[in-house]
Amino acid sequence: MQEKNQENTVKITRRRAISSAVAAGAVVGVGIVAGLGGYFAGASTGGRVETITQKETVTVGGQTVTVGGQTVTVTNTVTQPTTITTTVTGTVGPAKPVVIGYTLPKTGGFAANGVIHDIADQVAIKRINDTGGFLGRPVERLVYDDKSDISQIPVLYERLITQDKVDLIVGPYATPFIAAAMPVAEKYRKVYIFDSYTLPKRATYEFAFSSWATGYNTDIEWPTLLFEALQNSAGKLPKTLVVVHNTHPGATFVASGVPTVAEKFGIEVLDVIKYELGTTDFLPIATRLKELKPEFVLQGGLVLDESNLRKALDKVGFIPYGHSSLWPAVGAVLGLGPLGDGLISQSVFEAHIPFTQDAEARYFVENYQKLAKEAGLAYWKADTQSGTSYAMFQILREGVRGSNSLNDEDIGNWLKRNKVDTIFGELTFDGPNNYGPMKTWIAQIQKGEQIVVWPPDYAKPGSKLQYPSPLAKGY
Amino acid sequence: MPSTTAIIQSLLTGTLVGGFYGLFALGLTLSWGVLDIINMSYFPFAVLSAYIAYATMTILGFDPFISLIFSIPSFFIIGLLMQIFFNRFKIDIFRSLIITFALFIVVENTLSYIWTADVRRAPVGFLGGSLFIDSMYIPIGELIAFFIGIIIVLGNNIILKRTKLGLALRAVAENREASAMWGVNYSRIALIVGGLSMCYVALAGMFIAIFYPFTPSQGSVFIGRIFAVTIFGGLGSVTGAFIAGIILGVAESLAAILFAPSWSPLVAFLLLLIILVVKPTGLTWR
Amino acid sequence: MEMKVVKHTLYTVISIVVAALILLILPYLGISAFIISFLLSVYIWVTLAVSWNILSGYTGYFSFGHTAFFGSGAFASAVTDFYFDIPYFITIPIAGAVTTGMAAGLGIVTFRLRRLRGQLFALTTVVLTSVSSIVVINNWGDGIVMHSVKAFWPFISIPHIFYTLALILCIASISISIALYRSRLGLNLFAIRDDEEAAEAIGINSFKHKMIAFCISSMLVGFAGAVFGGWLKYVWPETVFSLNYSLFPILMTILGGMGTWIGPILGGVILTTIFQIVAGGEAILNNIILGSLLVVVMIFLPRGIFNLALTGYRRVRTPLRHPP
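Residues numbered from 1 in each chain as written. Chains lettered and ligands numbered in written order. Predicted model: local features only at pLDDT ≥ 70, side-chain atom pairs only at ≥ 80, totals over all residues. Heavy atoms only, no water.

## With respect to helix H11 (residues 244-256) of chain C
An α-helical segment advances 3.6 residues per turn. Residues three or four places apart therefore align on the same side. Residue and element names in this part refer to chain C. If you check H11, its first and last C-alpha atoms are 17 Å apart, about what 13 residues at 1.5 Å a residue would give, namely 18 Å. Among the 13 residues that make up H11, 12 are buried, leaving the element largely enclosed by the rest of the structure. What H11 keeps buried is the set Tyr245, Ser246, Leu247, Phe248, Pro249, Ile250, Leu251, Met252, Thr253, Ile254, Leu255 and Gly256. With its phi angle positive at about 125 degrees, glycine 257 sits one or two positions after the end of H11. (Helix = DSSP H or I, 4+ residues; strand = E, 2+ residues; numbered from the N terminus. Expected span 1.5 Å × (residues − 1). Buried < 20%, exposed > 50% of the residue type's maximum accessible area, 1.4 Å probe, protein only.)

## Some words on the environment of B:Phe126
Residue and element names in this part refer to chain B. By secondary structure assignment, the location of phenylalanine 126 is in the loop between helix H4 (93-115) and strand E1 (130-133). Between the alpha carbons of phenylalanine 126 and isoleucine 140 there is a distance of 7.5 Å; along the sequence they are 14 residues apart. Leave out the neighbours within four places in its chain, and phenylalanine 126 touches Asp63 and Ile140. (Contact = heavy atoms within 4.5 Å.)

## Brief notes about helix H5 (residues 218-234) of chain A
Residue and element names in this part refer to chain A. Given a rise of 1.5 Å per residue, 17 residues ought to cover 24 Å, and the 22 Å separating the end C-alpha atoms of H5 matches this to within 8%. Residues of H5 that are buried include every one of Thr218, Asp219, Trp222, Pro223, Leu225, Leu226, Phe227, Ala229, Leu230, Ser233 and Ala234, and no others. A positive backbone phi angle near 80 degrees is found at glycine 235, which sits one or two residues after H5.

## Quick word on the interface of chain B and chain A
With 47 residues of chain B at the interface, the matching set in chain A holds 38 residues. Summed over the shared surface of chain B and chain A, the number is one salt bridge. Taking the shortest distance from any N to any O, the salt bridge between A:Lys315 and B:Glu142 comes out at 2.7 Å. A total of six residues in the side of chain B that touches chain A trace back to one element, the largest contributor, which is helix H1 (residues 4-35) of chain B. Of the residues in the side of chain B that touches chain A, the class split is 26 nonpolar, 14 polar and seven charged. (Salt bridge = Lys/Arg side-chain N within 4 Å of Asp/Glu carboxyl O. Nonpolar A, V, L, I, M, F, W, Y, C, P; charged D, E, K, R; others polar.)

## Quick look at the pattern of salt bridges
Scanning all chains against the criterion turns up 21 salt bridges over all chains. Close ionic contact of A:Arg141 with A:Asp118 constitutes a salt bridge, the shortest N to O distance being 2.9 Å. A residue pair is termed long-range when its members are at least 10 positions apart, and A:Arg141 in strand E6 (residues 139-145) and A:Asp118 in helix H2 (residues 111-130) qualify at 23 residues. Judged on exposure class, the residue A:Arg141 and its partner A:Asp118 are both buried. Residue C:Arg193 is joined to C:Asp194 by a salt bridge in which the shortest nitrogen-to-oxygen separation is 3.6 Å.

## Side note on unusual backbone geometry
Here the bond from A:Trp454 into A:Pro455 is cis, since omega is 5 degrees, no more than 30 degrees from zero. As for its placement among the helices and strands, A:Pro455 is situated in the segment after strand E20 (449-454). Cis geometry marks the peptide bond from A:Tyr467 to A:Pro468, where omega comes out at 0 degrees. Relative to the helices and strands, A:Pro468 is located in the segment after E20. You will see that A:Lys165, though not glycine, has its phi angle at about 50 degrees, which is positive. For A:Lys165, the position within the fold is in the loop between helix H3 (152-163) and strand E7 (168-170). Non-glycine residue B:Lys90 carries a positive phi angle of around 50 degrees.

By themselves, these observations are geometric and do not establish any function.
As structure tokens, this is what we get:
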């Protein structure tokens, strides 16, 4: 590929070229450094969202009082003849907001869930501010777009902490991103609460807290819960199953525990099929499944995988009696219509009783769904993705209020020792790596709606795990 | 060792799915081979076409092919406008990469702005089903895509070999300066090719909506494969691209069933590489 | 003529040395950790752009394979660090060796074939990217958490170590790029770019020259991957095998001016800075504006930003004239 250009000939000697180049480089370089310096030195203009200012009255009496984070000094001067002038220096105005900094994938491959988290967080912040903020101060978010690009994470979190000097941070979206920011949080001893992390054994930072109670041993506990649900709610266990999982570390982790657990329940694992993250063509896998004819397909997948596999299964002419997955984009599965029914997945929250018996859960569902519809989301129901993000801020809120402090260590230590009431019920952080007991349930799509079906305490009243599926065919 | 039925089935589905890859690559190969423009923006434009098809299916309740009535003419115009732009500013192949990448960013983010980044899956009806013969299945949507691809390839060959326009196209692709000396109006040809390429993109996009759930960034998923298919098929060769797509599809399909799905893209690409080393001209036969 | 050449080289060398020294002591001057990590990312991107230019800008062989080398370098370092307990600083040359080996292997196969070299090479680099990423994903899909590097004198913090490594790598790449540009070897590379058959006709061993350029280029990228991976510490395939690492260096180089040594530097610095600025605020609108700006810039600066420097304002107003 060659560049063919004919140009007017200005005599360009090498000297001219080099000097101009160096000069240009210097100009550009200086310009950039200056521009950078100017830009970053000033207040950064990140996406500030929602400020509610509160005015506080101060009673002065000759001493220094702290008002919403600002210090004012009051002095009394006595002059002859006796006049007492009271001067108040310092500003008593709107309280200085508490800024919580983090990143979200607003663009790029993960933006689908990024926008869900963003909306849930808006609701969470509003709730915080409506109930008194943090220690009397209003709360704001400062959110950067990480463009679904992990390499942005360390730079952006450094920027939030050292440049923008945010008061608190929370985690970004998705396991590898959360892992990438953890060392930064650790370096500055910031309390680090996150919502979508699937590797409990890697969360080794002392003040790392997960709002998604996956349980420390999720590789054993989740499959166990699944089989228990089949046994007790559906009343039937499959005899054979195939594990199909992708290369996502969290999915691989859960899938790794299945064979052991299956053996305990007397289920034969016919095969373990691994596919690449980002696969769109599931016809080969579906063909293979059609050959094996397992009674149950346990898929370790996320976002679009389940929808794609289910579609491929339909095309191939084999639909298993049972099909479960981990973290599907529910909207994509619902888009399949009746074909989507029966898919089992993980859930920590659904917008039905008993979750909605909690007043704050109702508040969350109402406001989230309203905003989601307004934003134009195709799938606007409040569920696990939005719920865990909301809960992330709930936990931070309780930590701040409980410890009565904005100091990260205070908050972290308080969280370790106390229970937090969230929209999913009570969470504790007293286990290994700050993981409490697993609070992830079995959900299933029935008649176009995703509901929790097991365990009974959290299931929609009157619901049962449907197994075997009436759609099954091809055996 | 999988059964013979399974292998034949793999060959079949691989061919059909590969036809879709080929279809998707048609626009890029024409643009790159004939116009020397590597147009990255085709990927998010395909997704735009997917959104149009989605809207047709959900809001209007029609068959997705109806969306082509709207999208093909409008995409032709967009392609035309883009080419006018490229002609006017004498964009060479290197600059085209940056400019179309910038367009890629603009289009993808505009899609995000209008439809949000949320996942959409269109309700597809019979197009998502299969014909069942014995224990084999033939996916219908993929079959239709394949046949449309064949028709386009045949039509393309007829035009190239039998018409004056075709002669002009071949001349331009061969040697732009020389063809100008023979009286071929490059600008006019370029406009037609530019518009036509976008039409192919619109077509591929509609199929995206039929086959997959998608988000604004869905186009990026295909970049690697489509580039490989384009280069492998020989730049500018519609037939080549289509066949290259089929080969890729078959290789992936067979590899998935003979080895494991997580290795299949690797095997497929290695196969392409080996074939290309053995026959470095690619599959070009204009 | 000789004296002039020597003097210009001197000017260039001095400016680079001065710049390097300033950047080297910056961390000691107490700038924020964020600026350090930002500059680190600038150095990495400039290294990638410069190394791409050494291959594709100088020889004209378009490579889409930077991602393959970057990811392989990062994983070579991570694997040897984690599984074989090799000290981190030694894993860096190992990473470079791995990627150079990959390039050599690929070059031997593709550079020898006479027909359709450019296209074949481009395709093989695309294929290489997919192949290497899949191999890595299937073996280490879980990602690798590297062992912590200990901070030691004269470094004031762990990120400082990586900052300095990245800076050294960047300066080294730029120096190699300039040296090549000025040398006989570089002239031969340009000759290959302009007309390979003619170059061979006058006796240039194009195979040897292309191999050298390719190996140098991929070695630098391998180092960059190792440094980057070490900095991230949590090395996950999807991150280091992102297509961005193939795409952006191409854009940066074209934006800055292909085929000159300063082009990729300009493009790298500018684009990295812009992307960082664009992170805040309304992301989607920012991206749209960014994209539109890029289009405008590319229209008016056909040879990249360097065009502006080379000929001044006068040239920008005059449209390029081409035969059709």
